[in-house]
Amino acid sequence: HDLGAQVALVHEQPLLAGQPHGKGELVTPRLKYVGDFVKGQMTGQAEIEYKGGAKYTGMVRDGKKEGTGEWTRPDGTILKGTFEKDQPLKVEEKK
């Protein structure tokens, strides 16, 4: 993933083979990720705030929404349910 030119990583656990593994925070020009890392990948439980106002809380795999979560769009619409490869699969929409 090209995360942008300015990247800040705050990692609370020891590195595993030079990569973040465990809880941490990653800030790029496009997003702020607070959650789990597995062998350097954003994978596990997380909160992601996107530039533009969207927010996602839930499970991620390789930096994409994957599994159960809640995605709040910039207009305030909330999608809650199951996501696959960053896309809503089975969700309930609330305004």
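Our subject is the structure that appears above.
Calculation notes
- The written sequence of each chain sets the order in which its residues are numbered from 1.
- Local features are withheld for residues below a pLDDT of 70 in this predicted model, meaning they are given only at 70 or higher, and side-chain atom pairs are given and counted only at 80 or more; totals for whole chains, interfaces and linings count all residues.
- The side-chain figures draw on all heavy atoms in the structure; neither hydrogens nor water molecules are used.
- What makes a salt bridge here is a side-chain nitrogen of Lys or Arg within 4 Å of a carboxyl oxygen of Asp or Glu, nothing more.
- Pairing of aromatic rings covers Phe, Tyr and the six-membered ring of Trp, with a centre-to-centre limit of 6.5 Å; geometry is then stacked below 30 degrees between planes, edge-to-face above 60, and tilted otherwise.
- Three exposure classes are used, based on accessible area relative to the maximum for each residue type with a 1.4 Å probe and protein chains only: buried under 20%, partly exposed in between, and exposed over 50%.
- A helix here means a DSSP run of H or I that spans at least four residues, while a strand means a run of E at least two residues long, and both kinds are numbered starting from the N terminus.

### Re the pattern of salt bridges
In step 1: Applying the stated rule across the entire model yields 3 salt bridges.
In step 2: Note that arginine 61 and glutamate 66 form a salt bridge whose closest N and O atoms lie 3.8 Å from each other.

### Considerations on the packing of aromatic side chains
In step 1: Counted according to the given criterion, the structure contains 3 aromatic pairs.
In step 2: Taken together, a centroid distance of 5.2 Å and an interplanar angle of 70° make the contact between tyrosine 33 and phenylalanine 37 edge-to-face. This pair shows no difference in class: tyrosine 33 is buried, exactly as phenylalanine 37 is.
In step 3: Centre to centre, the rings of tyrosine 56 and phenylalanine 83 are 5.4 Å apart; their planes meet at 85°, and the pair counts as edge-to-face. In this pair, tyrosine 56 sits in strand S5 (residues 55-61) while phenylalanine 83 sits in strand S7 (residues 78-84), placing the two residues 27 residues apart along the sequence.
In step 4: On the basis of relative accessible area, phenylalanine 83 is assigned to the buried category, the value being 1%.

The values reported here are purely geometric and, on their own, carry no functional implication.
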